Each structure stands twice: as structure tokens, then as C-alpha cells.
Amino acid sequence: MNNLSTYLIISALLFSLGLQGILLRRNLIGMLISVELLLNAANLNFMAFNRFLNADPVAGQVIALFVMGLAAAEAAIGLSIILALFRTMHSINIERAQKLRG
Amino acid sequence: MGAFLGDPILLATVLGTNLPFISMAAVLLFTAPNPALSSKISVAAIAAGAVCSIFLLAVLHGGSPVVYRTLWFNSGNLDISFGYYLDSLSLLMLAIVGVIACLVQIYSLGYMAGDPGYSRYFAFQSLFAWAMMNMVVAGSLIQLFIFWEMVGLASYFLIGFYYEKWSASQAGKKAFVMNRVGDVGFFLGLIWLLIGFGSLGIPELNHAADANALPQGLLTVSALLIFCGVVGKSAQFPLLTWLPDAMEGPTPVSALLHSATMVAAGVYMFGRIFPFFAASPDAMAVALAIGTVTMLLSSTMAMVTYDLKQVWAYSTVSQLGMMVMALAAGGYFAGVFHLTTHAGFKALLFLCSGIFIHQFHTNDMRIIGKQGGRRLVIPMACIAVGALALSGVFPFSGFFSKEAVLAVLAAQPSRIWLAAGLLGAVMTAYYSFRLIFHILLPRGGIEEKRHDAHAHRYHEHEGERRGYIFWAMAIPVIVLAGVTLALGFFEHPIEHFLVNSNTVQPALHPAHGTGAQVDGGGAPLTIMGISAGLFGILLAWFEYGRKGADRKGFLSYFPAIWKLFDSRWFLDAFYRRSLDLFVYGGLTNLFTRNDRRVIDGGIDGICFFTESGGRLFSFLQSGMLQYNLLLMVLAVGGAVLYLLM
């Protein structure tokens, strides 16, 4: 149970879930949550590689912390964009936001 | 600098020729708002120039030519020098230009009084004098060409001086463009000569031509090309119509332009490198033919016009034709002497006409006669002196120079040139006295004008000022009339000065032979010359002067010929037509098409291509964020797979 591939498989599953969510969901908030899943999958990979391959335990954790901070900022900006979109469109359905269609 | 100050000749040359430029700069930059000061600066500068030129003539009289030269630049084995060449011809011409430009500027003080462009006028006059004086003393042909162009530029400014007037700006443009046509030939000739001979120094060129050191082919081609410049500048046959139009400028400008500067430049250049031209018999034959055609054509034009200035303008063209004939027939002295005397009496004629025009506000000789032109005694007497000189009547200066020209023509193997010269003399006398009789003996006496009383009152109010204006105009006229009377008697000193002290005078040339003929063997010729002039005057008297004359002229019995002469042999119409056909119809059309089709079309094509390319791929922009994301994921996945494989 305590080997690297287990973590990698869980991480890959998590990533696939996030990808599926971001591609299929039409709700913008749902897409934002899926992005969080993608980031967490990446975080899991960092921690696993750091634990099993690297002698220095600090670097991976620091990067994971950075990614969390980044995710928080991204969520704040994403939510405010969604809010602005909602104000103009009265909807957060991605299918409504098609003004740039060529 | 020490050498510069220590050499009075160099100092006088530099100062005399360049003071007018300084005055122009000062007037244009600083004193333009103050017309009185501007005119004073300008007149002072040109007067200093005239004094310097007379000083040079006096000091260097009879000596050998003086050459100053510094290297301007060199390129490869080509040295272009810049300097002064003071020999008898340039000294004489410098004095003529200086004195006449000075007199004309003094005259302008009166003529242009109250004109809104007073300062500008004097600035351009100074520019004109500066360019011409520098052209005269130029030591190399390239330097001569530069100032030649400056002369053209200045005359463009002055012809188009009343630029608000459509005809004036057109006339300036016409003069400029026609001169360019000739100058292209001139410049090509210079390049051809530079390639073949390797130097453009005037003394070197004349020495080489004297020594027969130039191959005949090079000589003929370059001489003919350089002669194109003379044709343009001196208004010879194919390019003669700009000069009659050039009288759109103020009258003093015409006086200067027709006598000492501008048109004289072409003939002067011919005389300047005379040995070079003389070494090519073919070029001389062409020049002789062109001079003859010019003289006859423009004399006929002068016989039908009623415009005072236009008569003198045509007569200038015909006298220039005569100078070119004389030079081309080998008469170096005759041509240059005729240039000298002509400068004097033609300036006189124009300045007198200017007084009439200033007084009566019309150019029509019939109206001037009716309104009492002959009451202006001084200009009337002076214009008669000028006309007598122009007709070649003893003892006026024109008599002597015309005799010299006719003697040269008589020495030609073919009699046709002499016959043409005599015919020209008859026509010249006829049209000059047609004008004189129109003003002097108006048909039905002088009309008393109703507004005379008004004019009288005006006169009383501004009597003093009008007196100043009148005398500013009258004094130069009187001086010129005196010169015209006296100059002829200096024929032999001038001939001695020009021919003997000029070391580059060709020994092999017939000019020497004709010099003897002028002195002695020309008695029958003199009689022929005088009788030609008198016959013309008598004809004019019979038709215009005597009591009960019908004042129509014999040409009015041939309306077709009258029309031909009056419309300048349709030369202008021909130019207009060919301009429309070749320039506007051909070249301009091609350029327009190039602009529309190639340049505009090319840019439009690039835009069209970009736009349609964008439209072609715009289906990728579905507007659905997630399709784009899917595509991105697939592309990254594909890349990862490719890298892993």
C-alpha cells in the first residue's frame, strides 16, 4: 500500500475527474470546482514524489503550499469574474456566453 | 585670411559678388516688416557690387586673366574645383550686370512704391543679382551650372511675383519648366564632357579646344547638349515662348531679366566657352540655324502685338537670336558686343515702358497714346533713343553692334545668313517704330480725360512723394539713355580689350578675320545695314506715323498670317497639345494606373487575403469555451503521447 504508484494512480484518477468536470459541466461554478480538483491532483503528485524520491522533505511541501495559495487567488478572481458575468447575463451557464463565436 | 585681406582683387570679387546675397538674407530674415529699410539695404549692397565690379574692370584692364581656385572635393581621379576666373569677358559682363542691376533696383524704389511685397521684391532682386554675378565669375562649368540654376530660380520667383494672379504663377511655372528642359541637355553635356575630358575648368577646356586636343565626336555631342542649355535660357527657337510670358512680373524685373541677367546668361555661357564651341563646326552650324530661325520668328510675332512689353519681349528674343547667330558664325567679339549694347538699350526700353505703364495702368500702346503718353517728355525721349538704338540707327550703340554682327554674317560662305540678318533688321525697325508712332502720334490726337482734375488734386496732395517716385524712375532711365548714346563709340577699345587680352581667344578661328572687316571693308555693308533700318522706320511711318495713315499695318490685309504671327506660330498650342497628348495622356495616365492598379491593388490584395484567410478559419471560434479546452487537452495529450513513444 505504501508505494509510489498507488499515490500516482489516485492522483491520476483525481485529475481525470477534474478534467471531465471542466469539460462537461455547463455551470461555471462547477467548472471552478473542477479546476480545484486538477490543482489538488497536482499537489498530491508533488507530495508523493517528494516523499518517495527526494531526500529533502521541504521542497515539495513548499510548492504544495504555493499551489494552495495560488488556488485561493484563482478562486477569488474566478468567482468575481463569474459574479460580473452573472450581473450582465443573469446566468452562469457557459452556453449563454458565446459572444465571440466566429 | 591674411592673404584674403591682402589681395584687393580677391576681396573685391568675393565682396562684390556676395554682398547681394547677404542683403537678401538680411531682408528676408530680419527687416522684412520694414520695407524702407529693406530697400535701402538691398540697394546699398547692389551699389557696392557695382562699384566692386567697375573697380575690378579698371584694375585688371588689359592684364592677363586672373584665376583663383581651391579644391572643392575630389572623387577618384576627378577633381572638382571652385574658384573665380576673371578675364576680359567675365569682367565686362560683371560690370554690365552690376551696373544694370543697380539701376534697376534704384528704379524699383519708385516703381514698386507701396507694393505689399516691397521687401520680398528687393530680396529676390538681390538673389537674382547675386546668382548672376557669381555665374559670371565662375571658374568651372559645374560652378557656372550651379549659379545658372540659381538665376533660373530667382527669375521664377520674380516672374511669379504677383503669385495671387493666375497668369503670373503660370508664367513663372512655364519659364521654370522650359528652362529645365534645356538644362537637362546642358547637364547631360557636362557629364559627357566630364567623362570624356576629365575636367570642367573653363580655362583648361578652352585651351584644350584651341590645341585641338579633343576628339571631334566628344566635342560635337557635348557641344550640342550644352547648347540645349543656351536654347532654354536664352529662349531660342523651340523653347522661346516662356520669355514673352515672363513679362507677367513687375516691369523692372522684365528690364533686368531681358537685358543683363537670365537671358543674357545663355549667350554669355556660349561666349564663355566659345573656343570649345568653335572647335565643332557641326554644333556651330546647328546654332547658326537655330539663331536665325529664332530671330525671324520672334520678329514676326512682334509686328502684330499691341502690348507694349510684349513687343520688347519678342524683340529681346530676336536680338538674342542675332547674338547666337553672330557667335555661331564665329564672331566672338560681335556677339559679345551686341550682348553688351543690347543689355543697355533693352533695359532702357523696358524701364521707359515701365514709366508709361505705371502712369496709365495699361500695357496697350494705343490707349497709352490716346491718353497722352507723349506728354511724359523724359520717358518719351528715352524710349525713342532706345528704339533708335534697337533699329540700328547711327550714332546709337545698336548701330555699331548690329554692323559688327552683319559683318560676321557677311563673312559666311552662304549669303542666306546675311539676307536673314538684314530682313531681321528691317522687321526690328518696323515694329519698334510702330510702337513709337502709336504713342507719339496717336490717332485723332490726345483724348482729354475727365478725371484729369481729380488726378491733379491727387497730384497736389502727394506732389512731393510723386516727385520722388518719378525721379527714382527717371534718373536710371536718363543714365541708360546716356550709356546707349555713348557706348557705340567705345567699340574699338572694347574689341581690343576682349579680343587681344583674352589669351584663350582661338587663333584658328575666323573671328579675327571678321574683326578686320568691321574696321575697313564694310562700307557697302554699312550702307545696307543703315538702309535696312531706315526702310523699316519709313515703312512704319508710312503706315502709322504720317497724317491719314490707316494704322492697320500691311499684315492686316492677310488675316491668316496675322493670326499665325499673333498666336506665336502656334508654338504654344503645339506645346499644349503635345503636353496633353504625351504627358497628361501618356505618362500621367501610366503613373495613375500604376498607383491605382499596382500600389493600391497590391495593398488591397494583402488585406483581402488576410481577411478571407481569417474567415476560412473562423469556424474554430465556436464561442464555446469547453470545446476549446477539449481541443487543448487533446493537443497536449497528443504531444505527451508523441514524446513518450
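Residues numbered from 1 in each chain as written. Chains lettered and ligands numbered in written order. Predicted model: local features only at pLDDT ≥ 70, side-chain atom pairs only at ≥ 80, totals over all residues.

K.L.:
Help me understand the overall build of chain B, please; the structure alone is not making it clear to me.
P.N.:
Within chain B, the secondary structure is distributed over 28 helices and two strands. Here the C-alpha coordinates of chain B stretch approximately 120 × 70 × 55 Å along the principal axes. The buried share among the 645 residues of chain B stands at 49%. In chain B, once contacts between residues fewer than 6 apart in sequence are set aside, the share between residues at least 24 apart is 80%. (Helix = DSSP H or I, 4+ residues; strand = E, 2+ residues; numbered from the N terminus. Buried ≥ 20, exposed ≤ 12 C-beta atoms within 10 Å, placed from the backbone. Contact = placed C-beta atoms within 7 Å.)

K.L.:
What is the right way to read the overall build of chain A from this model?
P.N.:
A count of helices and strands for chain A gives three helices and zero strands. Seen in sequence order, chain A has helices and strands lined up from the N terminus as α-α-α. For 102 residues, the compact-globule formula gives about 13 Å, and the C-alpha radius of gyration of chain A, at 17 Å, lies well above that figure. Residues classed as buried in chain A amount to 8% of the 102 residues present. (Rg over C-alpha atoms; globule rule 2.2 N^0.38 Å.)

K.L.:
Looking at this structure, I do not really get the interface of chain A and chain B. What am I missing?
P.N.:
How big an interface is tends to be reported as the loss of accessible area on association of its parts. With nine residues of chain A at the contact, the number on the chain B side is 11 residues. Classifying every residue of the side of chain A that touches chain B gives five nonpolar, two polar and two charged. (Nonpolar A, V, L, I, M, F, W, Y, C, P; charged D, E, K, R; others polar.)

K.L.:
Help me out: how do you make sense of the pairing of strand β1 (residues 66–75) of chain B in this one?
P.N.:
Residue and element names in this part refer to chain B. Of all 10 residues in β1, zero are buried, a share of ten percent or less. Relative to strand β2 (residues 78–86), β1 runs antiparallel, the two sharing nine bridges. Pairing of Val67 across the sheet is with Tyr85, part of β2. Here β1 folds back onto β2 in antiparallel fashion, the turn holding two residues, of which Gly76 has a positive phi close to 65 degrees. (Pairing = 2+ DSSP bridges.)

K.L.:
Where do I start with the domain arrangement of chain B in this structure?
P.N.:
Assigned domains within chain B: domain 1 (2–449 + 460–566) and domain 2 (574–644). In this structure, domain 1 of chain B and domain 2 of chain B have C-alpha centres spaced 61 Å apart. (Domains from an automatic or database assignment.)

K.L.:
What am I meant to see in the nonpolar core here?
P.N.:
General note: in soluble globular proteins, nonpolar side chains tend to be found buried as a group. All names here are of chain B. By size, the foremost hydrophobic cluster in this structure holds 196 residues, and its most contacted members are Val97, Ile100, Val324 and Leu348. For this core, the element with the highest residue contribution is helix α4 (residues 88–111), accounting for 18 residues. Discounting chain neighbours no more than four positions away, the residues touching Leu348 are Cys382, Val385, Gly386, Val477, Leu480, Ala481 and Thr484. (Core = buried A, V, L, I, M, F, W, Y, C linked by C-beta atoms within 7 Å.)

K.L.:
Whenever I open this one, helix α19 (residues 397–410) of chain B confuses me. Can you help?
P.N.:
Structural remark: α-helix, 3.6 residues per turn; residues separated by three or four positions point the same way. With 14 residues, α19 of chain B extends 20 Å from end C-alpha to end C-alpha; this agrees with the ideal 20 Å at 1.5 Å per step. Across the 14 residues of α19 of chain B, 14 count as buried, placing the element largely inside the fold. (Expected span 1.5 Å × (residues − 1).)

K.L.:
I tried to follow the packing of α19 of chain B against helix α20 (residues 416–440) of chain B on my own but got confused; where do I start?
P.N.:
Between two packed helices, both the angle of their axes relative to each other and the distance between the axes serve to describe the pair. Residues and elements named next belong to chain B. For the pair α19 and α20, interaxial distance at closest approach is 8 Å and the crossing angle is 155 degrees. The angle between α19 and α20 falls in the class roughly antiparallel. Crossing of α19 against α20: the hand is left-handed. When α19 is examined against α20, the residues Lys402, Val405, Leu406, Leu409 and Ala410 are found in contact with a partner set consisting of Trp417, Leu418, Gly421 and Ala425. For the contact of α19 with α20, the class distribution of residues is seven nonpolar, one polar and one charged. (Axes fitted to C-alpha atoms, helices over the stretch in contact; angles between N-to-C directions. Parallel < 35°, antiparallel > 145°, perpendicular 65-115°, else oblique. Left-handed = near helix turned anticlockwise from the far one by under 90°.)

K.L.:
Hey, could you run me through unusual backbone geometry in this one?
P.N.:
Apart from glycine, the bulk of residues carry a negative phi angle, and the bulk of peptide bonds sit in the trans form. Positive phi, close to 55 degrees, is recorded for His90 of chain A, a residue that is not glycine. Note on placement: His90 of chain A falls in the segment after α3 (58–89). Taking the C-beta count within 10 Å as the criterion, His90 of chain A has 8 such neighbours and is therefore assigned exposed. Despite not being glycine, Met262 of chain B has its phi angle at roughly 55 degrees, a positive value. Of the residues examined, Met262 of chain B has 28 C-beta atoms within 10 Å and is grouped as buried.

K.L.:
In this structure, what is going on with the packing of helix α11 (residues 251–259) of chain B against helix α15 (residues 308–328) of chain B? I would like to understand it.
P.N.:
All names here are of chain B. Viewed as axis vectors pointing N to C, α11 and α15 meet at an angle of 10 degrees, and their least axial separation amounts to 11 Å. It follows from the interaxial angle that α11 and α15 lie roughly parallel. Considering the relative orientation of α11 and α15, their crossing is left-handed. Across the interface between the two elements, Thr251, Ser254 and His258 of α11 pack against Lys309, Trp312, Ala313 and Thr316 of α15. For the contact of α11 with α15, the class distribution of residues is two nonpolar, four polar and one charged.

K.L.:
What is the right way to read the environment of Thr300 of chain B from this model?
P.N.:
Residues and elements named next belong to chain B. Positionally, Thr300 belongs in helix α14 (residues 281–302). Considering only alpha carbons, one finds Thr300 and Ile146, 154 residues apart in sequence, at a separation of 35 Å. When neighbours within four sequence positions are excluded, Thr300 is seen to be in contact with Met427 and Phe565.

K.L.:
Would you explain the confidence of the model for chain B in this entry?
P.N.:
Interpreting fine coordinate detail is not advised for predicted regions of low pLDDT. Residue and element names in this part refer to chain B. Considering every residue of chain B, the mean pLDDT works out to 83; 92% of them sit at 70 or more. Across residues 450–461, confidence stays below pLDDT 50; counting only partners more than four residues off in sequence or on other chains, it has one contact. Under a pLDDT of 50 for its full length, residues 501–521 has, in the predicted model, 41 contacts with residues more than four places off or in other chains. Two numbers describe this predicted complex: its pTM, 0.75, and its ipTM, 0.81. (pLDDT = per-residue confidence, 0-100.)

K.L.:
So what exactly am I meant to see when it comes to the environment of Ser432 of chain B here?
P.N.:
Residues and elements named next belong to chain B. With respect to the helices and strands, Ser432 occurs in helix α20. Residue classification places Ser432 among the buried positions, given that 30 C-beta atoms sit within 10 Å. With near-sequence residues (within four places) excluded, Ser432 lies in contact with Ser315, Ala387, Leu390 and Ser391.

K.L.:
Honestly, the environment of Val263 of chain B in this entry has me stumped. Any pointers?
P.N.:
Relative to the helices and strands, Val263 of chain B resides in helix α12 (residues 263–272). Distance in space between the C-alpha atoms of Val263 of chain B and Leu320 of chain B is 7.9 Å, their sequence separation being 57 residues.

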